[in-house]
Amino acid sequence: MTVDCETLGKDPDRFEPAVLPDPVSGRTTILVTPLGDERLHEGRMHQTFALNQAVDRLAPGVTLKLLPGTYYRAVSLSSKKGTAEKPIRIEGTADPDGTIRTHIIGTNAAGNIYPDLPDRSDYAFFKMRRCAHIEFSTLRAESCWPCFIYAESSKFLSFRRIDGKHGTYFFFFRGPWCHHLEIAECRWE
């Protein structure tokens, strides 16, 4: 049985923040849950943001840490740019045995776009336009139609350790400005 969060013995006296700056690395981690509720993380109860709230806070050096759970609401990223030194990271959570516990589920039924190819008006879980230096990792995606990732005029994107199931396209990149795309350790069924 998969449990979405750690268990807590008693109610906390206070909640820790959702934004965790790391003075050593200079990075900031934002904790994300499907509902933006309170969640036990590393032994402490934290406030969290919903994914659509968290993407508004993306900036160079920010990591969105998607805590275990099932995410249904698609998001758009427009002109979100990290740098080579401080990329933006969107990462899920895995158990010590490697089981990915961050699950993305597309909710839109497949439609008929053939013979056309998808564009931003079509459904995708992550829609990106004019984005740069973003790294995605440790996610499980299912039933995202027509694609899990749609990126237009975006560059320096990295996708690692993402397991996908269903959909017409898992990744779809469009436009002459799409370049420096890395896909590694990903599976699509």
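Residues numbered from 1 in each chain as written. Predicted model: local features only at pLDDT ≥ 70, side-chain atom pairs only at ≥ 80, totals over all residues. Heavy atoms only, no water.

The subject of this paragraph is the packing of aromatic side chains. One pass over the structure, following the stated rule, counts twelve aromatic pairs. An angle of 65° between the planes, with centres 4.7 Å apart, marks the rings of Phe170 and Phe171 as edge-to-face. The two residues Phe170 and Phe171 agree in class, both being buried. (Phe/Tyr/Trp six-rings, centres within 6.5 Å; stacked < 30°, edge-to-face > 60°. Buried < 20%, exposed > 50% of the residue type's maximum accessible area, 1.4 Å probe, protein only.)

Right, let's get into the pattern of salt bridges. Applying the stated criterion to the full structure yields nine salt bridges. The salt bridge partner of Asp37 is Arg39, with a shortest N-O separation of 4.0 Å. Owing to a relative accessible area of 8%, Arg39 belongs among the buried residues under this scheme. Note that Glu135 and Arg89 form a salt bridge whose closest N and O atoms lie 2.9 Å from each other. On the criterion of sequence distance, the pair formed by Glu135 in strand β11 (residues 132-142) and Arg89 in strand β8 (residues 88-91) is long-range, its members being 46 residues apart. Relative accessible area serves as the criterion here: at 28%, Arg89 is assigned to the partly exposed category. Three or more residues are tied together by salt bridges with common partners; here these are Arg160, Glu182 and Glu185. (Salt bridge = Lys/Arg side-chain N within 4 Å of Asp/Glu carboxyl O. Helix = DSSP H or I, 4+ residues; strand = E, 2+ residues; numbered from the N terminus.)

With omega at -10°, the peptide bond leading from Trp145 into Pro146 counts as cis. Here the phi dihedral of Ser79 falls at roughly 55°; this positive angle occurs in a residue that is not glycine. With phi around 55°, Glu185 is a residue other than glycine that occupies positive phi space. Tracing the backbone shows Glu185 in the loop between β15 (179-184) and β16 (187-188). Since its relative accessible area comes to 58%, Glu185 is described here as exposed.

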